[in-house]
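Observations on the model geometry
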Amino acid sequence: KSNDTAVLLANEIDQRANWAKNPNVNTYAQALTTGGFVMTLGANISSVVVNFSQLPMVVMPYLGGKYGYSETMKATGRAIRMFKNSGLKRTTETIGPDGKITETTSATPSLDNYNFDDPNTPAEVKEYKVLAEVAARMGQLNRSITYDMLDMDKIDAPLRKVGAVSGWLFHHGERMNRQVALMTAYDLELGAMRKAGKTINDAARTQAAEKAIYVTELTNGGAIATGAPRYAQDGIGKVMFLFKRFGISMTYHLAKLAKESITGSKADKRVAWKQLSGTVGMAGLIGGAQGIPMMGVLGAVLDLFGDEDEDNFDTTMRKTLGEGFYGGLGNYLFGVDVASRMGLSDLIFRDRLVQKDQSLFYDAIEAVGGPVVGTALNMERGLKMINDGNVERGVEAMSPAAIRNVMKGIRFATEGANTMRGDPIVGDVHAGHVLGQIMGFAPAEYTKQLQENASLKRKDRAAGTEKSKLYKRYYIAAREGDTSEMKAVLKDMQKYNKKFPQTA
């Protein structure tokens, strides 16, 4: 059995290695994924802000559960300062026209900007030299999931150039997350080695660096496309898995912690339990009850068995817990909806803000198709609005998210948050909420009201359907002369009228 597993593993590695040497991606897959990115996350400030939540929500609980939260917070602070102070220039080994081997070029902040061989470089900075070398060799310093998703190795076509420009913020935000996680994990592992009385030499530093890379990949997702599922590397699979690689990585991470918390030695179980509870706790603190892992799956399953004319899972949770516990700290403090973006629920298939009146089949297509299908539906909706005479709202619906956020913010500031008919969804929208919307965070009260309106509409639709069924049952019974069935239907009508007096 072990030999069979080894053969399967060897074959898998061979296939991934062959793809890495010649990663040809179909043009249509590249165009659709780049287009999907540009239309959703491209140049979207809110997406970068949301990405930063990975540090307190996943990385710090994982490291804190093993090394202690006090040490982890100190190490994270040092790592952030190291990244911030790395400067905007980098010395590279290239041969210029004057024969010189080194050349200084402009760069964004990065650990490899430091000149570790310069005698003037502080000792605390030189401590990270081995980490910088190992991480650079393993492609960890200047890559991201965004980098690979947009194939930024080859910016040789207009669409790829657009993708590279629109993905610049997100790419470098993710790089910061990864490098801070790298330095924090490296720092903590070296500290643990010193406490254990180990000699800290280059071999020990290399070991700590490799451990830090493992932690970074585990808590941030793999940055290199060769680590993605093979069916997500090209073709329709690449389109379907747009933005899902991270969700799959986080689902694996949570499942791994859950397994380790109930198996293994007592010490390992205690560490895993601390890591898991810390991650769930931070997700609940930042994203509220709706951001707790698996909450979306639980809600979706329960809604399948619930009645359409009753409150759905989310509405029931909101009413039971109150807005503060349901929406989380971000919503409470800032008044904008960050919870639906920052939690660890709905990692692979995101729940829609407003439910559509369509069959489960079309819901499944939209969920599996992801941003690309969603973008196509937005285009269709925008064209319909324009044909109906709502040109500005139609153009807004068809625009990339970054532009749509700005247009929506201006509309909130000048007209208010209104429906297509001009009815107010919420009251006055103040300047802070407008700024949040321009950045990509809708006012929390606005999204709450949209969800409540959708819930009411769903219940009204269910009541209407039930009413039609009762009329039909009574008509058939009367036509057939079935008086006992007619009496039974009349009793059901009385129950309906008590339940829905407004549409008796």
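What comes next is a walk through the structure. (Residues numbered from 1 in each chain as written. Predicted model: local features only at pLDDT ≥ 70, side-chain atom pairs only at ≥ 80, totals over all residues. Heavy atoms only, no water.)

1. Notes on the overall build of the protein
When its secondary structure is counted, the protein shows 24 helices and 2 strands. Principal axes of the C-alpha set define a box for the protein whose edges measure 100 × 55 × 50 Å. Across the 504 residues that make up the protein, the buried fraction comes to 43%. The long-range fraction of contacts in the protein, counting pairs at least 24 apart against all pairs at least 6 apart in sequence, stands at 67%. Of the roughly 27400 Å² of accessible surface on the protein, a fraction of 60% belongs to carbon and sulfur atoms. One way to put it: in the protein the 63 positive side-chain charges average out to a point 3 Å from where the 55 negative ones average out. (Helix = DSSP H or I, 4+ residues; strand = E, 2+ residues; numbered from the N terminus. Buried < 20%, exposed > 50% of the residue type's maximum accessible area, 1.4 Å probe, protein only. Contact = heavy atoms within 4.5 Å. Areas by Shrake-Rupley, 256 points an atom, 1.4 Å probe, with all protein chains shown as cover. Lys, Arg positive; Asp, Glu negative; His and termini not counted. Charge placed at Lys NZ, Arg CZ, Asp CG, Glu CD.)

2. Topic: helix H4 (residues 54-67)
The terminal C-alpha atoms of H4 lie 18 Å apart, and with 14 residues this matches the ideal 20 Å at 1.5 Å per residue to within 8%. At Met-60, H4 is bent by approximately 40°, the largest bend along its length, and proline Pro-61 sits one to four residues beyond. For H4, a buried count of 12 out of 14 residues is recorded, marking the element as mostly surrounded by other parts of the structure. Buried within H4 we find Gln-54, Leu-55, Met-57, Val-58, Val-59, Met-60, Pro-61, Tyr-62, Leu-63, Gly-64, Gly-65 and Tyr-67. (Expected span 1.5 Å × (residues − 1). Bend = angle between axes of the 7 residues up to and from the residue.)

3. Observations concerning the packing of aromatic side chains
Within this structure, the stated rule accounts for 7 aromatic pairs. Look at Tyr-231 and Phe-241: their rings are 5.6 Å apart centre to centre, the planes differ by 55°, and that puts the pair in the tilted class. Of this pair, Tyr-231 sits in the loop between helix H11 (202-220) and helix H12 (235-240) while Phe-241 sits in the loop between H12 and helix H13 (244-260); the two residues are 10 residues apart in sequence, bridging distant segments of the chain. For Tyr-231, a relative accessible area of 58% corresponds to the exposed category. Residue classification places Phe-241 among the buried positions, given a relative accessible area of 17%. Between Phe-412 and Tyr-446, the ring centres sit 5.1 Å apart and the planes meet at 65°, which makes this aromatic pair edge-to-face. (Phe/Tyr/Trp six-rings, centres within 6.5 Å; stacked < 30°, edge-to-face > 60°.)

4. Considerations on the nonpolar core
Counting residues in each nonpolar core, the largest one holds 52 residues, and the members touching the most others are Leu-63, Leu-111, Tyr-128, Leu-131, Met-183 and Tyr-186. Among the elements of the structure, H4, helix H5 (69-84), helix H7 (129-137), helix H10 (168-195), H11, H13 and helix H14 (266-287) are those that each provide at least two residues to this core. Here this core gets 9 residues from one element, more than from any other, and that element is H10. Leaving out residues up to four positions away in the same chain, Leu-63 has contacts with Gly-68, Thr-72, Thr-184, Ala-185, Leu-188 and Val-215. By size, the runner-up hydrophobic cluster in this structure holds 9 residues, among which are Ile-425, Val-429, Val-434 and Leu-450. (Core = buried A, V, L, I, M, F, W, Y, C linked by side-chain atoms within 4.5 Å.)

5. Concerning empty space enclosed by the protein
Inspection of the entire model under this criterion finds 1 cavity of 30 Å³ or more. In this model, the largest cavity occupies a volume close to 60 Å³. What lines the largest cavity is simply Gln-290, Arg-318, Glu-323, Gly-327, Asn-331, Asp-337, Ala-444, Thr-447, Lys-448 and Gln-451. Among the secondary structure elements, those contributing two or more residues to the lining of the largest cavity are helix H17 (323-334) and helix H23 (444-480). (1 Å grid on protein atoms, 1.4 Å probe; cavity = no way out; pocket = protein on both sides within 12 Å on 5 of 7 lines; lining within 4 Å. Points joined across faces, edges and corners; volume = space filled by probe spheres on them.)

6. Brief notes about unusual backbone geometry
Unlike most non-glycine residues, Ala-43 shows phi in positive territory, near 55°. Mapped onto the elements, Ala-43 comes out in the loop between helix H2 (27-40) and helix H3 (45-52). Residue class for Ala-43 comes out partly exposed when judged on its relative accessible area of 41%. Even without a glycine there, the phi angle at Asp-346 is positive, about 50°. Residue position: Asp-346 is located in the loop between helix H18 (339-342) and helix H19 (360-387).

7. Some thoughts on the environment of Thr-34
Among the structural elements, Thr-34 can be located in helix H2. Overall, the relative accessible area of 1% leaves Thr-34 in the buried class. Taking the C-alpha atoms as reference points, Thr-34 and Ile-348, separated by 314 residues in sequence, lie 19 Å from one another.

8. Looking at the pattern of salt bridges
Following the criterion strictly, the structure yields 22 salt bridges and no others. For Glu-217, the salt bridge identified is with Arg-178, shortest N-O distance 3.8 Å. Of this pair, Glu-217 sits in helix H11 while Arg-178 is found in helix H10, placing the two residues 39 residues apart along the sequence. Between Lys-319 and Asp-311 there is a salt bridge whose closest N-O contact spans 2.8 Å. Judged by its relative accessible area of 59%, Lys-319 falls in the exposed class. Three or more residues are tied together by salt bridges with common partners; here these are Glu-127, Arg-194, Asp-202 and Arg-205. (Salt bridge = Lys/Arg side-chain N within 4 Å of Asp/Glu carboxyl O.)

9. What about the environment of Gly-173?
Secondary-structure assignment places Gly-173 in helix H10. Judged by relative accessible area, which is 5%, Gly-173 ranks as buried. Taking the C-alpha atoms as reference, Gly-173 lies 24 Å from Gly-432; in sequence the two are 259 residues apart. Look past the residues within four positions of Gly-173 in its chain and what remains in contact with it is Val-48, Asn-51 and Phe-52.

10. Comments concerning H3
Taken together, the buried positions of H3 are Ser-46, Ser-47, Val-48, Val-50 and Asn-51. Where the residues of H3 are buried, they touch H4, H10, H18 and helix H22 (431-439).

On their own, these measurements won't tell you what the molecule is for.
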